[in-house]
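Residues per chain, in single letters:
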2 protein chains.
Amino acid sequence: MNEEKILKFIKSKLKIRRKDVIVGPGDDTAVLRYDKKYYLLATTDCLVEDVHFRKKEISYYQLGRKAIAVNLSDIAAMGGFPLYALVSAGFPEGKKEMIDGILKGMEELAEEFKFDIVGGNLTKSQFIFIDIFMVGKVEKKYLKLRNGAKPGDLIFVTGKLGASQLKKHLFLRPRINEARRLVKKVKISAMIDISDGLSSDLIRIAKESNVGFEIYSDKIPVSEDAVKISKNREEAILHALSDGEDYELLFTVPEKYSANIPEKIFSTPVTFIGRIISEKSYYLIENGKKRKIGSMGFNHFG
Amino acid sequence: MNEEKILKFIKSKLKIRRKDVIVGPGDDTAVLRYDKKYYLLATTDCLVEDVHFRKKEISYYQLGRKAIAVNLSDIAAMGGFPLYALVSAGFPEGKKEMIDGILKGMEELAEEFKFDIVGGNLTKSQFIFIDIFMVGKVEKKYLKLRNGAKPGDLIFVTGKLGASQLKKHLFLRPRINEARRLVKKVKISAMIDISDGLSSDLIRIAKESNVGFEIYSDKIPVSEDAVKISKNREEAILHALSDGEDYELLFTVPEKYSANIPEKIFSTPVTFIGRIISEKSYYLIENGKKRKIGSMGFNHFG
């Protein structure tokens, strides 16, 4: 089975018994009842040697930092903030410099985003894996999901896209602060973080919202690295559409509120790239021509 | 570094910033502020192919069940009950029968212990790993830790010990119900679940409580399988002391409350095995002779 089929199959097998599960299996982050004001958020994401990284291409510090950053990105996408992390890790041997480096990378983000690493588990394994479980909170009124996009809504993205694997993925800036600013200032209708690629993740919003979209090729913010490795603008756009690991925010806003969207949040650019449509098709508009696109991003078990 | 050194090193590097962390790194389970009545519990435990299991020796159903059971055991040891689980898994390919089997084993325990699997993450990896993140709750008054044992307290254990790897580990009965009954009926001073072996885990209680213990060889409840694989009682006792994966409850009770301890909880035997002493040494008393023992259990990176 490919990843999509597996996830569908899993969802069909899991029974939700508790009334306090607001969002369960199928989303990157679970949303759980907490108190009058807040929901609890719970997410997990894992980095596996020779699948997500090669030891030669990443330092231990960068590895620890990235393992945390991708989980923070999931919390950010819900409009929330982090509270606690558990670290479950496996490695062939317990080398001090490795553990020290990984912890430095993790603690740096813990310090910046004010959460605590409160526990975890260590195991021997033939290759390194770092699995993070992160718990966060979000005010009920600020919770953002993937299924709220409506025809006519405008589509925005933070940062610049494409070729993250070249360099950016080692220095990820989780968009927690940007997301918090956004949910407080703007009526966002749907949000996700771009982990598998702009097209794949925008299609997720579209499918769960039961809508389609058109995006404008000339509006897509392409990263310098994507330009650098491309022969022309067309190829760079393809990188921006399909490369994974951008970990930027992708969100939709009803047109009447779109004037509130700033061009930058802190120093992160926010770019209008397209529009939600009622027809359940996905279009890229390029030089006045409309062409259908599909999911071009990363797929485990593809 | 060996496991103990690694854990010490990690603990020294992690900073706890939030006031709502009641128990942080160092315990199997983190305890977090929740509301007036409850604490939140968060734990993680992982099964890795060729480290914790061999594919030929366990069915997918048993694998899923065990991955959940070992986490439930951690929640039980705190006196709590489970609410939610996230499943983070890696495997070489997405075979339907595998995923189906694993989910059946997990859902069986979810149904029995009334928690929900609310999300997770899937990744490709060269070998199978199943990492569970479990969230539970415990009434503040029922929270049990490892550090409360006092000289004179009696030591008890549930079930029978040793040679779990032969068969029992495939059919683990997490002691949630037993632990809940115990914390409601008896003043327990310290509790842990036996994952690495009776001696190792009792030494954990002793170290964290700043005490020692003596246990009586003739009181230790030895499993049938431990007897079966041993030449004599002495060898069987060694299995009961040092084998991992029993996942029974090990706890201490002030003597004045010990009359409240039943011989069985539901159908699980509860056995008195020894006494906490003020001298920080660990004794096994056998045929009237006292001998010092150390940690004999399982040690990753040993």
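Residues numbered from 1 in each chain as written. Chains lettered and ligands numbered in written order. Predicted model: local features only at pLDDT ≥ 70, side-chain atom pairs only at ≥ 80, totals over all residues. Heavy atoms only, no water.

Some thoughts on the sheet that holds strand 3 (residues 38-48) of chain A
Residues and elements named next belong to chain A.
Phase 1 of the analysis: One open sheet accounts for six strands, arranged 1-2-3-6-4-5; its pairing is mixed. The sheet is open, and its two borders are formed by strand 1 (21-23) and strand 5 (116-124), each paired with just one other strand. Strand-to-strand twist of the sheet, defined as the mean angle between neighbouring strand axes without regard to direction, takes the value 20 degrees.
Phase 2 of the analysis: Where strand 1 and strand 2 (residues 29-33) come together, two bridges link them in antiparallel fashion. Within strand 2, the residue paired with valine 21 across the bridge is leucine 32.
Phase 3 of the analysis: The strands touched by helix 2 (residues 60-77) within the sheet are strand 2, strand 3, strand 4 (81-91) and strand 6 (129-139), with strand 3 carrying the most contacts at an inclination of about 145 degrees. (Pairing = 2+ DSSP bridges. Helix = DSSP H or I, 4+ residues; strand = E, 2+ residues; numbered from the N terminus. Axes fitted to C-alpha atoms, helices over the stretch in contact; angles between N-to-C directions. Contact = heavy atoms within 4.5 Å.)

Focus on the interface of chain B and chain A
The accessible area lost on association of the parts is a frequent measure of interface size.
Phase 1 of the analysis: At the junction of the two partners, chain B supplies 68 residues and chain A supplies 68 residues.
Phase 2 of the analysis: Of the roughly 5900 Å² buried between chain B and chain A, counting both surfaces, carbon and sulfur atoms make up 64%.
Phase 3 of the analysis: At the boundary of chain B and chain A, one finds 10 salt bridges.
Phase 4 of the analysis: Summed over the shared surface of chain B and chain A, the result is 28 residue pairs in polar contact (both at pLDDT 80 or more). (Buried area = accessible area lost by both parts, 1.4 Å probe. Salt bridge = Lys/Arg side-chain N within 4 Å of Asp/Glu carboxyl O. Polar contact = N/O pair within 3.5 Å; in protein donor to acceptor, adjacent residues only side chain to side chain.)

Notes on the sheet that holds strand 5 (residues 116-124) of chain B
All names here are of chain B.
Phase 1 of the analysis: Pairing in this open sheet of six strands is mixed, and the strands run 1-2-3-6-4-5 from one edge to the other. Since the sheet does not close on itself, it has two edges, and those belong to strand 1 (21-23) and strand 5, each with one partner. Sheet twist, expressed as the average angle between the axes of neighbouring strands with direction ignored, equals 20 degrees.
Phase 2 of the analysis: Lying over the sheet, helix 3 (residues 96-113) contacts strand 4 (81-91), strand 5 and strand 6 (129-139), oriented at roughly 170 degrees with respect to strand 4.

Let's talk about helix 5 (residues 198-209) of chain B
All names here are of chain B.
Phase 1 of the analysis: In this model helix 5 runs 16 Å from its N-terminal to its C-terminal C-alpha over 12 residues, within 8% of the 16 Å that 1.5 Å per residue would give.
Phase 2 of the analysis: Counting buried positions along helix 5 yields nine of 12 residues, so the element is predominantly enclosed.
Phase 3 of the analysis: Taken as a whole, helix 5 has its buried residues at Leu198, Ser199, Ser200, Asp201, Leu202, Ile203, Ile205, Ala206 and Ser209. (Expected span 1.5 Å × (residues − 1). Buried < 20%, exposed > 50% of the residue type's maximum accessible area, 1.4 Å probe, protein only.)

Some thoughts on helix 1 (residues 3-13) of chain B
Phase 1 of the analysis: For helix 1 of chain B, every residue scored as buried is listed here: Glu3, Ile6, Phe9 and Ile10 of chain B. One face of helix 1 of chain B carries all of its buried residues, which in axial projection span an arc of 125 degrees. Structural note: helix 1 of chain B exposes Lys5, Lys8, Lys11 and Ser12 of chain B on the side pointing more than 90 degrees away from its buried face.
Phase 2 of the analysis: Residues of helix 1 of chain B that are buried in the fold lie against helix 3 (96-113) and strand 5 of chain A.
Phase 3 of the analysis: Looking at where helix 1 of chain B begins, the residue whose side-chain oxygen comes 3.2 Å from the main-chain nitrogen of glutamate 4 of chain B is asparagine 2 of chain B. (Arc of directions from axis to C-beta.)

Things to note about the relation of the copies chain B and chain A
Phase 1 of the analysis: You can overlay chain B on chain A at an RMSD of 0.0 Å; the transform is a turn of 180 degrees with a shift of 0.0 Å along its axis. Classification of the inter-copy transformation places it as that of a two-fold axis. The rotation axis passes nearest to the C-alpha of phenylalanine 133 of chain B in chain B, at a distance of 3.3 Å.
Phase 2 of the analysis: The overlap is high: 99% of the interface residues of chain B also sit at the interface in chain A, so the same surface is used on both sides. (Least-squares fit on C-alpha atoms with pLDDT ≥ 70 in both.)

Brief notes about the packing of helix 2 (residues 60-77) of chain B against helix 3 of chain B
Residues and elements named next belong to chain B.
Phase 1 of the analysis: Packing of helix 2 against helix 3 leaves a shortest axis separation of 6 Å and a crossing angle of 40 degrees. Considering their axes alone, helix 2 and helix 3 lie oblique with respect to each other. The element helix 2 and its partner helix 3 pack so that their crossing is right-handed. Between helix 2 and helix 3, the contacting residues are Tyr60, Tyr61, Leu63, Gly64, Arg65, Ala67, Ile68, Ala69 and Leu72 on the first element and Glu97, Met98, Gly101, Ile102, Lys104, Gly105, Met106, Glu108, Leu109 and Phe113 on the second.
Phase 2 of the analysis: Considering only residue class, the contact of helix 2 with helix 3 consists of 12 nonpolar, three polar and four charged. (Parallel < 35°, antiparallel > 145°, perpendicular 65-115°, else oblique. Left-handed = near helix turned anticlockwise from the far one by under 90°. Nonpolar A, V, L, I, M, F, W, Y, C, P; charged D, E, K, R; others polar.)

Some details on the environment of serine 189 of chain A
Residue and element names in this part refer to chain A.
Phase 1 of the analysis: Its location among the elements puts serine 189 in the loop between helix 4 (176-185) and strand 8 (190-193).
Phase 2 of the analysis: C-alpha of serine 189 to C-alpha of serine 209: the two residues are 20 residues apart in sequence and 9.8 Å apart in space.
Phase 3 of the analysis: Leaving out residues up to four positions away in the same chain, serine 189 has contacts with Leu145, Gly148, Ala149, Asp153, Thr252, Val253 and Pro254.
Phase 4 of the analysis: Side chain to side chain, serine 189 and threonine 252 meet in a polar contact 2.6 Å long.

Some words on the environment of glycine 274 of chain A
Phase 1 of the analysis: Residue position: glycine 274 of chain A is located in strand 12 (residues 268-277).
Phase 2 of the analysis: Apart from residues no more than four positions distant in its own chain, glycine 274 of chain A is found in contact with Asp153, Leu154, Ile155, Glu214, Ile215 and Tyr216 of chain A.

Re the packing of helix 1 (residues 3-13) of chain A against helix 3 of chain B
Phase 1 of the analysis: Relative to each other, helix 1 of chain A and helix 3 of chain B sit at 30 degrees, their axes nearing to 10 Å. Classified by the angle their axes make, helix 1 of chain A and helix 3 of chain B are roughly parallel. For the crossing formed where helix 1 of chain A meets helix 3 of chain B, the hand is right-handed. Together, Ile6, Phe9, Ile10 and Lys13 of chain A of helix 1 of chain A and Lys96, Ile99, Asp100, Leu103 and Glu107 of chain B of helix 3 of chain B make up the contact between the two elements.
Phase 2 of the analysis: Split by residue class, the contact of helix 1 of chain A with helix 3 of chain B holds five nonpolar, no polar and four charged.

Overview of the domain arrangement of chain A
Residues and elements named next belong to chain A.
Phase 1 of the analysis: Split into domains, chain A comes out as domain 1 (6-141) and domain 2 (144-292).
Phase 2 of the analysis: Here the C-alpha centroids of domain 1 and domain 2 sit 23 Å apart.
Phase 3 of the analysis: Each partner contributes residues to the interface: domain 1 has 29 residues there, and domain 2 has 22 residues.
Phase 4 of the analysis: Looking only at domain 1, the three residues that lose the most surface to domain 2 are Lys66, Ala77 and Phe113, adding up to 23% of its buried area.
Phase 5 of the analysis: Applying the counting criterion to the domain 1 and domain 2 interface returns five salt bridges.
Phase 6 of the analysis: Taken together, the links from domain 1 to domain 2 amount to nine residue pairs in polar contact (both at pLDDT 80 or more).
Phase 7 of the analysis: Looking at the side of domain 1 that touches domain 2, the elements that each hand over two or more residues are helix 2, strand 4, helix 3 and strand 6.
Phase 8 of the analysis: For the side of domain 1 that touches domain 2, the class distribution of residues is 15 nonpolar, five polar and nine charged. (Domains from an automatic or database assignment.)

Focus on the side chain of serine 223 of chain B
Residue and element names in this part refer to chain B.
Phase 1 of the analysis: Among the secondary structure elements, serine 223 is positioned in the loop between strand 9 (212-216) and helix 6 (224-228).
Phase 2 of the analysis: In this structure serine 223 comes out as buried when scored by relative accessible area, which is 10%.
Phase 3 of the analysis: When residues no more than four places from it in sequence are discounted, the contact partners of serine 223 are Lys160, Leu161, Gly162 and Ala163.

Quick notes on unusual backbone geometry
All names here are of chain B.
Phase 1 of the analysis: One non-glycine residue with positive phi stands out, namely lysine 114, at about 60 degrees.
Phase 2 of the analysis: Within the fold, lysine 114 resides in the loop between helix 3 and strand 5.
Phase 3 of the analysis: Even without being a glycine, alanine 163 presents a positive backbone phi close to 60 degrees.
Phase 4 of the analysis: Counting through the fold element by element, alanine 163 comes out in the loop between strand 7 (154-158) and helix 4 (176-185).
Phase 5 of the analysis: Judged by its relative accessible area of 5%, alanine 163 is buried.

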